Structure formats: C-alpha cells, structure tokens
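Chain residues, written in single-letter form:
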Amino acid sequence: MKVPAPLVRLWHRLGSPRWFFETSAPWLPWLLGLGVVFLGAGAFWGLALAPADYLQGNSFRIIYVHVPAAILAQSCYMLMGTCGVVLLVWRMKLADMVLEAAAPIGASFTALALVTGAVWGKPTWGTWWTWDARVTSMLILLFLYLGIIGLRQALARPEAAGRACAILAIVGLVNIPIIKYSVDWWLTLHQPSTFKLTEKPAMPPSMWIPLLLSVLGFYALFVWSVLQSTRVVVLERERRTTWVQNFVAEQGSKA
Amino acid sequence: MNFESFSAFLAMGGHGPYVWSCYGLTLAVLLFNGLAPGRRKRRFLREQGARQRRQEQPQEQA
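None of these values were measured; they are calculated from a predicted model. (Residues numbered from 1 in each chain as written. Chains lettered and ligands numbered in written order. Predicted model: local features only at pLDDT ≥ 70, side-chain atom pairs only at ≥ 80, totals over all residues. Heavy atoms only, no water.)

Draft legend 1. Region of interest: the interface of chain B and chain A. With 29 residues of chain B in contact, the opposing surface of chain A contributes 46 residues. Of the roughly 3,100 Å² buried where chain B meets chain A, counting both sides, 70% is carbon and sulfur surface. For the pair chain B and chain A, the interface holds two salt bridges. There are nine residue pairs in polar contact (both at pLDDT 80 or more) connecting chain B and chain A. The greatest single-element share of the side of chain B that touches chain A, amounting to 22 residues, is contributed by helix H2 (residues 16–56) of chain B. The residue inventory of the side of chain B that touches chain A, partitioned by class, reads 15 nonpolar, eleven polar and three charged. (Contact = heavy atoms within 4.5 Å. Buried area = accessible area lost by both parts, 1.4 Å probe. Salt bridge = Lys/Arg side-chain N within 4 Å of Asp/Glu carboxyl O. Polar contact = N/O pair within 3.5 Å; in protein donor to acceptor, adjacent residues only side chain to side chain. Helix = DSSP H or I, 4+ residues; strand = E, 2+ residues; numbered from the N terminus. Nonpolar A, V, L, I, M, F, W, Y, C, P; charged D, E, K, R; others polar.)

So, in structure tokens, the structure goes:
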C-alpha cells in the first residue's frame with residue numbers, strides 16, 4: 001500500500017513541535033468562531049424551538065449538552081489512545097504533548113456527561129444515580145482519565161511518565177466499545193444511541209438537527225481547547241530551544 | 001417558538017432548575033477549558049522570561 005506523498009510530508013512535519021506551534025496558531029480563532037456559532041445555534045434551537053418530548057417534557061432538552069459531552073469524552077479518549085500508540089511506536093514527542101494536554105479536557109467532558117446525566121435522571125428515572133451499565137462504564141472512563149493525569153504527576157522522569165501514560169491510555173481503550181455497546185449488551189435504563197451510522201434517527205428532524213449542530217460545536221471547541229493547551233505544553237517542554245527562547249523574548253518585549 | 005412567554009421558557013414546564021443547571025455547568029466547563037491554557041501560557045512566559053533575563057546577566061548577580 002502506498003501512502004500519498006502529502007500525508008507522508010504531514011507525518012514528518014508532525015515530528016516537529018515547532019512546526020505544530022507555528023501552524024496551529026491561525027486555526028484558533030476559526031475554531032472558536034465555528035464552535036460558538038454551531039453550539040449557540042444548537043442550544044437556542046434545542047432550548048427554545050424544538051418541541052417538548054411527549055414523555056419527558058422539557059427535561060429532554062438536557063440532551064443537547066449531555067450527548068455532545070459524552071461523545072467528546074469518548075472521542076478525546078480515542079485521540080489519547082492513538083497518541084499512546086504513536087508515542088510508543090514512532091517516539092513522536094508531539095503525541096506525548098497532546099496526551100498531556102488532552103487528559104484534563106477529556107476528564108472535564110466525562111464529568112460533565114455524568115453530572116448532566118444525573119440531573120437528567122432525577123426527573124426522568126426518579127434517581128440521581130444508578131449502577132447502570134452505561135453510567136458505570138462512563139464512571140470507569142473518568143477514573144481512567146484521572147489515572148492518566150495522576151500517573152504523569154507521580155513519575156518524575158518525563159520520558160518514563162510519557163510511556164506509562166501511553167500504556168494506560170492504550171489499555172483503557174478496551175472501555176470504549178464497552179461504553180458504546182453497554183446499552184445493547186445489558187438490560188439498562190439508559191436509552192439507546194440517538195445517532196447510528198446505518199439508520200435514520202428515531203427523533204424528528206426538529207429534535208436531531210439541533211443535536212447535530214451542538215455536537216459539531218462541541219467538537220470545534222474541543223479542538224480549540226486541545227490545540228491551545230498543547231501549544232503551552234510545547235513551549236514548556238521545548239523551553240531550552242532557541243526558537244522558544246526567542247519567542248519568549250519577543251513576547252516579553254511586546255508586553 | 002415552542003414557548004408562549006419568556007417566563008414559560010425559563011420555567012421549562014417545571015423542569016427549569018434541571019435544564020438550566022445543566023446548561024450553566026456546560027458553559028462553565030467550556031469556558032474553563034478554553035481559558036485555562038491562556039493562564040498557563042502567561043505564567044510560563046513570565047517565569048521563562050525571568051529565567052532568560054537572569055541567564056543573560058550573570059555578572060550582576062555575582
């Protein structure tokens with residue numbers, strides 16, 4: 001199999017944290033703008049325009065923040081698992097930097113999905129918490145994130161910490177299909193997925209289009225946050241290089 | 001518009017506290033994730049700037 005030349009070039013450039021730092025800068029305002037527009041539209045449509053659910057009433061409007069948070073929690077983990085593989089196989093420094101930057105963001109989305117789920121559960125299931133398969137596997141995801149964050153802080157040598165985090169991130173990938181199929185494998189209170197690749201959503205368009213908008217908005221804001229955070233990690237870890245020292249001096253003279 | 005008045009919109013048919021607390025929390029999480037790197041970057045620039053200035057003038061400290 002032959003990999004197209006532009007992809008090979010991109011791959012080699014990703015080996016350079018400096019290239020990443022310089023290339024990612026112009027994307028930031030666009031990602032923020034897209035995220036605000038999409039999430040703003042999705043939230044307004046979902047809160048004010050979409051019809052109330054015939055069973056759950058207006059509490060179902062929590063779906064427009066709960067589902068995107070849960071999707072991003074898993075996407076972020078898959079990104080980290082991928083970074084773990086790239087770090088272990090190709091020793092790419094940038095992968096370890098993304099792994100460090102993405103962990104707290106993924107943890108925050110997982111916690112958000114759990115808390116909004118609990119708040120939604122109270123009026124619909126009659127309880128804040130239940131040891132349901134989907135809820136429990138998401139709680140395990142939160143512990144995986146916290147474990148990766150803690151591991152990095154506990155190990156003094158950065159290379160050893162990076163490798164340990166990569167291994168934990170890869171092992172934890174097992175949990176992702178468990179989360180996905182938990183609603184099919186076990187008897188559960190949690191409703192099945194709203195979006196499936198092979199079927200039309202069970203909701204009317206006036207309910208699922210705002211959900212799609214807010215998922216897209218969440219993705220844009222997630223990438224915005226991860227890029228920003230990775231850029232800071234790049235500066236911190238490359239602080240002994242000439243280009244970072246020049247950048248710092250330049251910023252200092254501007255301030 | 002699905003609601004008859006702004007107060008009905010806020011009340012969400014009795015589910016207002018549930019719905020609005022979720023949206024408020026979401027906003028807080030998104031803002032925190034977006035603003036935290038900026039704070040960390042400013043701190044890095046301050047500390048690294050001071051380190052570099054110290055290295056440039058070692059004779060003054062001696």
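Draft legend 2. How the structure looks around the nonpolar core. Residue and element names in this part refer to chain A. Of all hydrophobic cores here, the largest spans 60 residues; its most connected members are Tyr77, Met80, Phe109, Met138, Leu141 and Phe218. Sorting elements by how many residues they give to this core places helix H5 (residues 93–125) first, with 14 residues. Each residue touching tyrosine 77, except ones within four places of it in the same chain, is listed here: Leu141, Leu144, Tyr145, Ile148, Leu168, Ala169, Gly172, Leu173 and Ile176. (Core = buried A, V, L, I, M, F, W, Y, C linked by side-chain atoms within 4.5 Å. Buried < 20%, exposed > 50% of the residue type's maximum accessible area, 1.4 Å probe, protein only.)

Draft legend 3. Here's a closer look at the pattern of salt bridges. Residue and element names in this part refer to chain A. All chains considered together, the criterion is met by seven salt bridges over all chains. Here lysine 93 ties to glutamate 238 by a salt bridge, and the two come within 3.2 Å at their closest N and O atoms. Here lysine 93 is found in helix H5, whereas its partner glutamate 238 is found in the loop between helix H9 (205–237) and helix H10 (242–254), with 145 residues between them in sequence. Take lysine 93: its relative accessible area is 42%, and that puts it in the partly exposed class.

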